[in-house]
Amino acid sequence: MNLFKNFSLPTVEIIQNNGYDVEVHQAITADGYILELHRIPRSKNGQEPTRNHPVFVHHGILGTSADWVLAGASMSLPMQLADAGYDVWLANCRGNTYSRKHISMTYKQKAFWNFSLHEVGKYDLPASIDYILGKSNTSQLHYIGFSMGTCVFFIMGSERPEYQPKIRSQISLAPVAFLSHTRSSLRFIAPHAKMLNVMYQRMWKGMLMPQSGIQKFFASTLCREKIMQKMICEKCILFSVCGSDPYHFDTKLIPLIMGHFPAGTSANLAAHFSQFILKDTFGQYDYGRDMNLRIYNSTEPPTYNLNSIRVPITLIYGENDVLANPIDVMKLKAKLPMVLDSFPAKSRYFNHVDFLYSTNVNQEINDPVKEILQKTDDLDWTYTGPVATATAVAVDAVVPVFSQPPIQTLQLNPLSGVVNMAPSLEFFAENLDAIIANTMPRPVDEHDAAVFDREREQQRLLFGGVIRFAQAAEKKYGQFRKEITNEISGWADDAATDSESRVKQTAVMVNDKIKFAGNSVVGAVGIAEHFVVDGVGKAEQTVVGSIGKAQNYVNQGLSKADLTVNSALNATVGRVGRVLWFWK
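A short tour of the structure in this document, coming up. Fair warning: this is a prediction, and the values are worked out from it, not measured in the lab.

A tally of helices and strands in the chain yields 19 helices and 11 strands. Expressed as a percentage of the 584 residues in the chain, the buried residues total 47%. Long-range pairs, those at least 24 residues apart, make up 78% of the contacts in the chain between residues at least 6 apart in sequence. With the model as given, the accessible surface of the chain reaches about 29,400 Å², and the carbon-plus-sulfur share is 57%.

The following block contains the structure:
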């Protein structure tokens, strides 16, 4: 594995290899999780921070602090912020590669993984924020979140309002709260999330997709070759979830991305996201009707109060982000009372991972973020925009009309007889064309249409081949399993028959031994009786001749008779004892 380690270097080594100093810190949450924070304390040339407030940067789901820096200083927002004079801190939420410790548990215990988005927002963020403010000796910080990093911030803002004054400004990249309009392939998994969660709880104690050695191997082999990189790692793994960007996504980063992602989380956390997709609400974890009554005193979990968040927030989204759909982003915007700004990336093809790995990430994301921070970091700056109320603005009023064709409702073909089960290969085979069409970006001109038609056909051929291969492998596995089962059944039948025969033979042997022992006892008793009779007869004859001699002979005969009888009886008892032992 040392041959492939360069594709999954730890965050600390990546930052150091880019010429920056780095520090490792640990914050402990109120419920005992130990979170590892990575700090870039000064610029590349060694200059100490000159800005007024530190910057706290949070990763997305199944990610780590490495996601922000693996592309190098030329694309890394945290490194560029450090060069701009900020004290930069990178988060690692509970359960990922760097935060798998607890004050009283190990990650191998099921209780360790009993958390959802709610606990990350309620406990992880406050612990990290307090630690950062204490170390930097400041009263406020800037918060930048990507995807899940935005979601947990909104949870903290709702559940821990005392932390709102500690946030100077918040920037949401690819904001996630409402997900009912997502076009990601994850929406096809969401209806089965409850069943999958049960499986992960039973088989892996609730742990979901931790970083592994085989992952590093594939990152440096399969995803390193250009053809496989383009066809498998890019289309199958990234674009089906995040959206396709055939123009600006930096495919050279795929081995590095796959060397760090996924980095592990809890199955409950993933199930919490699926509930956002299915319910069109932004609420606490749904444990089911009965458990909800115990925990929330209601059959439905409470929703988070977004209107209570009094923090200046900037929303930056991508129009081709199939995960964080612009319509859902606008719904979120309508519920936030202090939106400083809201705008899409300039590229119409900007997808979910482009916020980190686009070849144009500096122009599209990093430069606008630095401009916002420069303005809000000024000690004299205060938010002067409108503060909306819960009913002041209707959602429809802030949802823009996009120039792209409207999103069509995806029609899927359900399989008969399948209820509450994970989606099968047959399901994906039946709905492959619909799934691919739904996750593709909308073309802007005729040239795009031709490019996307080729892209769609490539994905259809690729995914179709993968599904057919998997079906063939599943069929072969089924046949092999049947053959093994038959072999084991035949062996078990033979073993049972042989055992039955041996039991019968043993029973016959025991009966013979008992019969023989009985005959031996009868014979021994007869001999003893005959010997006694002979002794008595001789004694009587001797009495006739001589009373004195007769008395002696009688005494001797009786003594011999007693000894003989005792000996015979002892021998008989011994034989019977041995027979009983053998029978047992």
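Before going further, it helps to spend a moment on helix 3 (residues 117-136). For helix 3, which comprises 20 residues, the first-to-last C-alpha distance of 27 Å matches the rise-based estimate of 28 Å (1.5 Å per residue) to within 8%. In helix 3, a bend of some 25 degrees at Asp124 exceeds every other bend along the element, and Pro126, a proline, comes one to four places later. Along helix 3, 14 of the 20 residues are buried, which leaves the element largely enclosed by surrounding structure. Immediately beyond the C-terminal end of helix 3, within one or two residues, lies Asn137, with a positive phi of roughly 60 degrees.

Time to look at the environment of Met195. Structurally, Met195 can be placed in helix 6 (residues 193-204). For the pair Met195 and Ala271, spaced 76 residues apart in sequence, the C-alpha separation works out to 9.7 Å.

On to the packing of helix 6 against helix 10 (residues 267-279), then. In contact at an axis separation of 9 Å, helix 6 and helix 10 are set at 180 degrees when each is read in the N-to-C sense. Of the possible angle classes, the one that applies to helix 6 and helix 10 is roughly antiparallel. Mapping the contact onto sequence places Ala193, Asn197, Tyr200 and Gln201 in helix 6 and Ala267, Asn268, Ala271 and Ser274 in helix 10.

Our focus in this paragraph is the pattern of salt bridges. Side chains that carry opposite charge are capable of pairing whenever their charged atoms lie near each other. Here the structure, examined in full by the defined rule, presents 13 salt bridges. Asp21 is the partner of Arg42 in a salt bridge, and the nearest nitrogen-oxygen pair spans 3.0 Å. Of this pair, Arg42 sits in the loop between strand 2 (33-40) and strand 3 (55-58) while Asp21 sits in the loop between helix 1 (11-17) and strand 1 (23-28), and the two are 21 residues apart along the sequence. Between Arg94 and Asp31 there is a salt bridge, and its shortest N-O distance comes to 2.9 Å. Highlighted residues: Arg94 in the loop between strand 4 (88-90) and strand 5 (101-102) and Asp31 in the loop between strand 1 and strand 2, separated in sequence by 63 residues. For Arg94, a relative accessible area of 1% corresponds to the buried category. Salt bridges here are not isolated pairs; linked through shared partners, they connect Asp21, Arg42 and Glu48.

The biggest cluster of nonpolar side chains holds 53 residues, and the ones touching the most others in it are Phe56, Leu117, Phe153, Phe154, Phe273, Phe282 and Leu336. Those elements that place two or more of their residues in this core are strand 2, helix 3, strand 6 (141-146), helix 4 (148-159), helix 10, strand 10 (313-317) and helix 12 (326-335). When residues of this core are assigned to their parent elements, the largest contribution, seven residues, is made by helix 4. When residues no more than four places from it in sequence are discounted, the contact partners of Phe282 are Cys151, Phe154, Ile155, Ala177, Phe178, Phe276, Thr303, Tyr304 and Leu306.

Here the focus is the packing of aromatic side chains. To describe a pair of aromatic rings, you give the distance between the ring centres and the angle between the ring planes. Enumeration over the complete set of coordinates arrives at 18 aromatic pairs. Ring geometry for Phe350 versus Phe355: centroids 5.1 Å apart, planes at 85 degrees, classification edge-to-face. The pair Phe350 / Phe355 is uniform in exposure class, with both members buried. Three or more aromatic residues joined by ring pairs form one cluster here, namely Phe178, Phe273, Phe276, Phe282 and Tyr304.

A positive phi angle is found at Leu62, which is not glycine, with a value near 60 degrees. With respect to the element layout, Leu62 can be found in the loop between strand 3 and helix 2 (77-83). The class of Leu62 is buried, set by a relative accessible area of 12%. In this structure, Lys205 takes a positive phi of about 60 degrees despite not being glycine. When you line up the elements, Lys205 lands in the loop between helix 6 and strand 8 (207-208). When its relative accessible area of 42% is taken as the criterion, Lys205 is described as partly exposed.

Each value, and the rule that gives it
Residues numbered from 1 in each chain as written. Predicted model: local features only at pLDDT ≥ 70, side-chain atom pairs only at ≥ 80, totals over all residues. Heavy atoms only, no water. Helix = DSSP H or I, 4+ residues; strand = E, 2+ residues; numbered from the N terminus. Buried < 20%, exposed > 50% of the residue type's maximum accessible area, 1.4 Å probe, protein only. Contact = heavy atoms within 4.5 Å. Areas by Shrake-Rupley, 256 points an atom, 1.4 Å probe, with all protein chains shown as cover. Expected span 1.5 Å × (residues − 1). Bend = angle between axes of the 7 residues up to and from the residue. Axes fitted to C-alpha atoms, helices over the stretch in contact; angles between N-to-C directions. Parallel < 35°, antiparallel > 145°, perpendicular 65-115°, else oblique. Salt bridge = Lys/Arg side-chain N within 4 Å of Asp/Glu carboxyl O. Core = buried A, V, L, I, M, F, W, Y, C linked by side-chain atoms within 4.5 Å. Phe/Tyr/Trp six-rings, centres within 6.5 Å; stacked < 30°, edge-to-face > 60°.

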